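# Survey of secondary and tertiary structure
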Amino acid sequence: MTDSICSRETRNMKSMVPLGLIVATFALTSSIFDSAKVFRVKPQNEKQVNFLKYLARIKQLDFWHPDSAPYIVTQMQVDFHVGAHQSRSVQTLMEKNEIQYEILLHNLQEEIEKQFDGKRNFTGRHSYTKYNDWDKIAAWTARIAKIYPKLVSRIQIGNTFEKQPMYLLKVGKESVRKKAIFMDCGIHAREWISPAFCQWFVKQAASTYGKDKIMTHLLDSLNFYVLPVFNIDGYVWSWTQDRMWRKNRSKNSTTNCIGTDLNRNFAAAWGTTGFISDDPCDETYYGPAPESEDETKAVATFIRNHLSSIKAYLTFHAYSQMLLFPYGYTFHKAPNHNELTEVAKAAVEALSSLYGTKYEYGPSATLIYPTSGSSVDWAYDQGIKYSFVFELRDKGRYGFLLPESKIKSTCKETMLAVKSIANYILSYAS
């Protein structure tokens, strides 16, 4: 993505404010989103595609879907966010070039506030139907392990760039060596529904053990390694400074621009396929080297150390309602493509059985666009043959600002899909 609202230098300033001095509210930065808009367009031909790419070069567009301008192709749904000071001129330029557009969000700041369903959760209490900041989630990881000591244990697998502890929750009945499923949420900071699901999953798994036959069987027979927030530093920043922040918060030696896209930083055709960016100011910057980031290294090291037991890898993103699987870095089909298709189909059917939510499924390069350095391709190449990416709700009405009122239904339906995949792993993964 290209940067939005503030200049890149301003938005990516190296100066850091101690978290203790920051009030977790958007009042500090609300002005940058006041009257900002989110547009949706669908280019009809190459001329319109080229114009949108040109527009991205001359204006500060923050792409929501796809991740950045070079991915745009004809007939693709393109969502992007524009600051108030440029929205009028962007509209004028699109009209002059006969590009039809829809305004999804007329005032981004209002939508940010509405995401909290009218009132922020300022209490110290963690809630499964509210968005929780990192302090609440960190405290929750300790508490949930204490409440369910026979089912949940907390492991620190590393530290972030800013030295936040990365907590992993192991969920399962202690017994002999078992198959395992690794799950992570929040690799991109602004996708808040993702960490909300990981918290929901752990709570539901632990609290329904002994009551729900399927979950009891799963926890007796499998371990789930759940990383509630992958990109903690970026997540904190999205709460305190910039709601639309995506990357982590690592410093780059050659520029003032901050952060690396952790989902481009894995050693899976790293820096070779799709739109690759070696510009640290870009939202899809892949970093100076594969696994250069503390967060990527911590996750990759843990998975490598547990490869003998980990049979599936599930990573949760937002938005677009898709269930993706390898490959992203090539259009070639994965060796077990047909099997992955069947597993995804069953999971999507289970998900939609609750509320009728429609998901697409397929290889990520084909279904969306080619990418390299992604966690799901890396996990697959490590030998984890059941590797999937969930793109949770919605399809763009709210985008990254899914209201809290949608958390429960999103998590409940996603739970059915995860159970479907887990059941398959239990029965068929060797």
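Given the structure is predicted, the values throughout are model-derived calculations rather than measurements.

### Digging into the overall build of the protein
Within the protein, the secondary structure is distributed over 13 helices and twelve strands. Scaling as 2.2 N^0.38, a compact globule of 430 residues should have a C-alpha radius of gyration of about 22 Å, and the protein matches this with 21 Å. Projected onto its principal axes, the C-alpha coordinates of the protein cover approximately 65 × 50 × 45 Å. Expressed as a percentage of the 430 residues in the protein, the buried residues total 62%. Expressed as a percentage of contacts within the protein between residues at least 6 apart in sequence, the contacts between residues at least 24 apart total 77%. Surface exposure of the protein reaches about 16,500 Å², of which carbon and sulfur atoms provide 52%. If the 52 positive side-chain charges of the protein are averaged to one point and the 43 negative ones to another, these points end up 6 Å apart.

### Notes on the state of the cysteines
Taken as a whole and judged by the stated rule, the model has two disulfides. Covalently, Cys185 is tied to Cys198 through a disulfide, its sulfur atoms 2.1 Å apart. Torsion about the S-S bond of the Cys185 and Cys198 cystine: about 80°, corresponding to right-handed handedness. Residue Cys185 is found in strand 7 (residues 179-185), and its partner Cys198 is found in helix 6 (residues 193-207); the two are separated by 13 residues along the sequence. Cys185 gets classed as buried once you look at its relative accessible area, which sits at 0%. Counting only the cysteines that take part in disulfides, in the order they occur along the protein, gives the pairing 1-2, 3-4.

### Quick look at the packing of helix 10 (residues 337-355) against helix 13 (residues 407-428)
One can describe the packing of helix 10 onto helix 13 by two numbers: an axis separation of 8 Å at closest approach and a directional angle of 145°. Seen along the crossing, helix 10 lies across helix 13 with a hand that is right-handed. Of the residues in helix 13, those touching helix 10 at Glu339, Val343, Ala346, Ala347, Ala350, Leu351, Ser353, Leu354 and Tyr355 are Ser409, Lys412, Glu413, Thr414, Leu416, Ala417, Ser420, Ile421 and Tyr424. In the contact of helix 10 with helix 13, the residues fall into eleven nonpolar, four polar and three charged.

### A look at unusual backbone geometry
Pro326 connects to Tyr327 through a cis peptide bond whose omega is 10°. You can see Tyr327 is positioned in the loop between strand 10 (322-325) and helix 10. In this chain, Arg393 is followed by Asp394 through a cis amide linkage whose omega measures 0°. Along the chain, the position of Asp394 falls in the loop between strand 12 (386-392) and helix 13. Although it is not a glycine, Ser35 adopts a positive phi angle of roughly 65°.

### Concerning the packing of helix 5 (residues 134-147) against helix 6
In the contact formed by helix 5 and helix 6, the axes pass within 12 Å of each other and the chain directions differ by 15°. Looking at the two axes, helix 5 sits roughly parallel to helix 6. By crossing handedness, the relation of helix 5 to helix 6 is classed as left-handed. Residues Ile137, Trp140 and Ile144 of helix 5 pack against Cys198, Gln199, Val202 and Lys203 of helix 6. Among the residues forming the contact of helix 5 with helix 6, the class breakdown is five nonpolar, one polar and one charged.

Rules used throughout
- Residues numbered from 1 in each chain as written.
- Predicted model: local features only at pLDDT ≥ 70, side-chain atom pairs only at ≥ 80, totals over all residues.
- Heavy atoms only, no water.
- Helix = DSSP H or I, 4+ residues; strand = E, 2+ residues; numbered from the N terminus.
- Rg over C-alpha atoms; globule rule 2.2 N^0.38 Å.
- Buried < 20%, exposed > 50% of the residue type's maximum accessible area, 1.4 Å probe, protein only.
- Contact = heavy atoms within 4.5 Å.
- Areas by Shrake-Rupley, 256 points an atom, 1.4 Å probe, with all protein chains shown as cover.
- Lys, Arg positive; Asp, Glu negative; His and termini not counted.
- Charge placed at Lys NZ, Arg CZ, Asp CG, Glu CD.
- Disulfide = S-S within 2.5 Å.
- Axes fitted to C-alpha atoms, helices over the stretch in contact; angles between N-to-C directions.
- Left-handed = near helix turned anticlockwise from the far one by under 90°.
- Nonpolar A, V, L, I, M, F, W, Y, C, P; charged D, E, K, R; others polar.
- Parallel < 35°, antiparallel > 145°, perpendicular 65-115°, else oblique.

Geometric values such as these leave the question of function open.
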